[in-house]
Amino acid sequence: MSYSLRKEISRSTRRIGRNANIAFRAEKTISRRRFAVLRMQTGMLAAAGLLAGIGIIMLNVAVFFVIAEHVGNANAGLILAAGEFVIAGILVLVAMRMTAESELEPLVEVRDIAIADIEADLEEAFDEITDIADGVRQIIRDPLGALMGGLAGPLLAALFRSVNSDNQKDKGENGSQA
């Protein structure tokens, strides 16, 4: 294997490793941020549930007596329950609208670039391996032809140099005899 090919493979390996590391770190940060948002959502949902529970108890007792004087006991209970469920629903909607996507957009882009670069490097390495395998197959099928294809240029160059040097020797001998 030639030095330049080894150097290129080493460089590609380092780039693949670096890009894989970047992609993994970005994915780790993305996961951490999404988990943090999920924790906050869970906390808000738990607070909404607790608030709804306390609100049902306290508000029911206080407002029940006020409303019961005007509309009766049954209607007072229905009005209180509906109000408490509306408040709890609003808290649930606020919690569900929380998202980390706007914060994560740059990290997702970095991860996607790193993965695309890894894919390009692997495709290039695969093409090089395919070329090497084709060359080995050619040598196995036709050893003399495969070697001659690579040796034909240097052999012809050596032959022309030899002929040129013989011609120059002949000219030098003819020139010194005259």
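Below, the structure is looked at part by part. (Residues numbered from 1 in each chain as written. Predicted model: local features only at pLDDT ≥ 70, side-chain atom pairs only at ≥ 80, totals over all residues. Heavy atoms only, no water.)

## Section: the overall build of the protein chain
Next, step 1: In terms of helices and strands, the protein chain carries four helices and zero strands.
Next, step 2: Ordered by position in the sequence, the α and β elements of the protein chain form the string α-α-α-α.
Next, step 3: A burial count over the protein chain gives 14% of its 178 residues as buried.
Next, step 4: By sequence separation, contacts in the protein chain at least 24 residues apart represent 77% of the contacts at least 6 residues apart.
Next, step 5: Accessible area for the protein chain stands at about 13300 Å²; split by element, carbon and sulfur atoms hold 66% of it. (Helix = DSSP H or I, 4+ residues; strand = E, 2+ residues; numbered from the N terminus. Buried < 20%, exposed > 50% of the residue type's maximum accessible area, 1.4 Å probe, protein only. Contact = heavy atoms within 4.5 Å. Areas by Shrake-Rupley, 256 points an atom, 1.4 Å probe, with all protein chains shown as cover.)

## Looking at helix α3 (residues 101-141)
Next, step 1: Taking 1.5 Å per residue, 41 residues should reach 60 Å; α3 reaches 57 Å between its end C-alpha atoms and fits that length.
Next, step 2: At Leu107, α3 shows its maximal bend, which comes to roughly 30°.
Next, step 3: Three or more residues of α3 are buried, namely Leu104, Val108, Arg111, Ala114, Ile118 and Asp121. (Expected span 1.5 Å × (residues − 1). Bend = angle between axes of the 7 residues up to and from the residue.)

## Describing helix α2 (residues 73-97)
Next, step 1: Spanning 25 residues, α2 covers 37 Å between terminal C-alpha atoms, matching the ideal 36 Å at 1.5 Å per step.
Next, step 2: Among the residues of α2, those classed as buried are Ala76, Leu80, Glu84, Ala88 and Ala95.

## Examining the pattern of salt bridges
Next, step 1: Under the definition given, this model contains four salt bridges.
Next, step 2: The partner of Asp117 in a salt bridge is Arg15, and the shortest N-O contact between them spans 2.9 Å. Of this pair, Asp117 sits in helix α3 while Arg15 sits in helix α1 (residues 3-71), and the two are 102 residues apart along the sequence.
Next, step 3: The exposure class of Arg15 is partly exposed, given its relative accessible area of 29%.
Next, step 4: Salt-bridge contacts for Arg15 lead to Asp121; the nearest nitrogen and oxygen are separated by 3.4 Å. Of the two residues, Arg15 is situated in helix α1 and Asp121 in helix α3; the sequence distance between them amounts to 106 residues. (Salt bridge = Lys/Arg side-chain N within 4 Å of Asp/Glu carboxyl O.)

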